[in-house]
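Secondary and tertiary structure notes
Here are the chains, one letter per residue:
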Amino acid sequence: MTLYLVSNNMVLENIFYETDESVEEKRLNRPLSIEGEKAAVKLVKKIDADVIYSSNYASALSTAKYYASYKNTEIYINSFLNDSRIGKLGNRNIKMLRFMQERDFDFKFNGGESLNETSSRMNIAINKILKKYGNHNIVIFTHKRAIMGYLLKYLDKGFNLDDRLILTYNDKVILDDVEKDIDIVKIELDHGKILDIDIIE
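Here goes a summary of the coordinates provided. (Residues numbered from 1 in each chain as written. Predicted model: local features only at pLDDT ≥ 70, side-chain atom pairs only at ≥ 80, totals over all residues. Heavy atoms only, no water.)

The next thing to look at is the overall build of the protein. Summing up its helical and strand segments, the protein has 6 helices and 9 strands in all. The C-alpha radius of gyration computed for the protein amounts to 16 Å, which stays within 12% of the reference 17 Å derived for 201 residues, consistent with globular compactness. For the protein, the spread of C-alpha atoms along the principal axes amounts to about 45 × 35 × 30 Å. Sequence-distant contacts, at least 24 apart, represent 65% of the contacts inside the protein between residues at least 6 apart. Accessible surface for the protein amounts to roughly 10,700 Å². Of this, 50% is attributable to carbon and sulfur atoms. Positive and negative charge centroids in the protein, built from 29 and 31 side chains respectively, lie 3 Å apart. (Helix = DSSP H or I, 4+ residues; strand = E, 2+ residues; numbered from the N terminus. Rg over C-alpha atoms; globule rule 2.2 N^0.38 Å. Contact = heavy atoms within 4.5 Å. Areas by Shrake-Rupley, 256 points an atom, 1.4 Å probe, with all protein chains shown as cover. Lys, Arg positive; Asp, Glu negative; His and termini not counted. Charge placed at Lys NZ, Arg CZ, Asp CG, Glu CD.)

Structure below.
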């Protein structure tokens, strides 16, 4: 069977909050940009899955809805597939958090989530999904950091010339810090055992 992990990173940027939403509320509710919606329409041809899962983030659900419409089937929402929690930023920024977490998988801000914690949560969720639907191809619409957490157990870790974390499989880069419009990771499995991991451009 095949498992697809999809992150649509094209969210609306020109949003300014006049009220006091938390960082997590802003991330949870941030919609796709117009370009992100168009990209979501196009990616349906790149995936061949029968079962659709999504985090409960607006960006993931907005991407999943196009594939659900294309396949005429339902979307299962699971908050265990959500993005990694940021926690309290204070006078720090998300870029600094990402940099620190790539060197220490247990690092987190107060109220946030480390990469190891994200890894544990994602693996619990996906293992349950595979156990339930393991004879079907599955697509999960989630987030790049969540995908990175899930794959930590299965990919080789290294650093690029900019000293940023890269995850590779059979010497092929699967995830790095390069900003992509959409990340699609394709995992081939047999009875829960990984046979191959690749990316779909």
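Bringing the sheet that holds strand S7 (residues 172-175) into the picture now. Pairing is antiparallel in the open sheet, where 3 strands are placed in the order S5-S6-S7. Strands at the two margins of the open sheet, each flanked by one partner only, are strand S5 (156-159) and S7. Each adjacent strand pair in this sheet contributes to an overall mean axis angle of 50 degrees, direction not counted. Pairing of strand S6 (residues 165-169) with S7 involves 3 bridges; the strand directions are antiparallel. Within S7, the position partnered with Thr-168 by the bridge is Val-173. Where helix H6 (residues 144-151) meets the sheet, its contacts fall on S6 and S7, and the angle it forms with S7 comes to roughly 125 degrees. (Pairing = 2+ DSSP bridges. Axes fitted to C-alpha atoms, helices over the stretch in contact; angles between N-to-C directions.)

This paragraph deals with the nonpolar core. The biggest cluster of nonpolar side chains holds 32 residues, and the ones touching the most others in it are Leu-151 and Ile-187. Ranked by the residues each element gives to this core, the list is headed by helix H5 (residues 115-133), at 7 residues. Counting residues in hydrophobic clusters, the runner-up holds 18 residues, among them Ala-39, Tyr-57, Tyr-67 and Ala-68. (Core = buried A, V, L, I, M, F, W, Y, C linked by side-chain atoms within 4.5 Å. Buried < 20%, exposed > 50% of the residue type's maximum accessible area, 1.4 Å probe, protein only.)

Another aspect to go through is the sheet that holds strand S2 (residues 51-54). Reading across the sheet, the 6 strands line up as S3-S2-S4-S1-S8-S9 and stay open at both edges, with mixed pairing between neighbours. On the outer flanks of this sheet lie strand S3 (75-77) and strand S9 (193-199), each paired with one strand and no other. In this sheet, neighbouring strand axes are inclined to one another by 20 degrees on average, regardless of whether the strands run parallel or antiparallel. The sheet contact formed by strand S8 (residues 182-190) and S9 spans 6 bridges and is antiparallel.

For the rest of this paragraph, the subject is the packing of H5 against H6. Relative placement of two packed helices is described by the angle separating their axes and the distance separating the axes. The N-to-C vectors of H5 and H6 enclose an angle of 80 degrees; their axes lie 7 Å apart at closest approach. Comparing their axes, H6 and H5 come out roughly perpendicular. Across the interface between the two elements, Leu-115, Thr-118, Ser-119, Met-122, Asn-123 and Ile-126 of H5 pack against Arg-145, Ala-146, Met-148, Gly-149 and Tyr-150 of H6. A breakdown of the residues in the contact of H5 with H6 according to their chemical character gives 6 nonpolar, 4 polar and 1 charged. (Parallel < 35°, antiparallel > 145°, perpendicular 65-115°, else oblique. Nonpolar A, V, L, I, M, F, W, Y, C, P; charged D, E, K, R; others polar.)

So, about the packing of aromatic side chains. In this structure the tally under the stated criterion is 6 aromatic pairs. A centroid spacing of 6.2 Å and a plane angle of 65 degrees characterise the contact between Tyr-53 and Tyr-133, whose relative ring orientation is edge-to-face. Linking Tyr-53 in strand S2 with Tyr-133 in helix H5, this pair joins segments that are 80 residues apart in sequence. Of the two residues examined, Tyr-53 and Tyr-133, each falls in the buried class. The lysine or arginine in question, Arg-103, covers the ring of Phe-99, its NZ or CZ lying 3.6 Å from the ring centre. (Phe/Tyr/Trp six-rings, centres within 6.5 Å; stacked < 30°, edge-to-face > 60°. Lys NZ or Arg CZ within 6 Å of the ring centre and 35° of its normal.)

Relative orientation of the contacting elements helix H2 (residues 34-42) and helix H3 (residues 58-71) amounts to 35 degrees, with a least axis distance of 8 Å. For the pair H2 and H3, the crossing hand works out as right-handed. Residues Glu-37, Ala-40 and Val-41 of H2 form the contact with H3, whose own contacting residues are Ser-62, Thr-63, Lys-65 and Tyr-66. Of the residues assigned to the contact of H2 with H3, the class counts are 3 nonpolar, 2 polar and 2 charged. (Left-handed = near helix turned anticlockwise from the far one by under 90°.)

In this structure, Ser-114 sits in the loop between helix H4 (94-101) and H5. You can call Ser-114 buried: its relative accessible area is 1%. When neighbours within four sequence positions are excluded, Ser-114 is seen to be in contact with Ser-84, Gln-101, Phe-105, Asp-106, Phe-107 and Lys-108.

Note that all results are geometric; they support no functional claim without further evidence.
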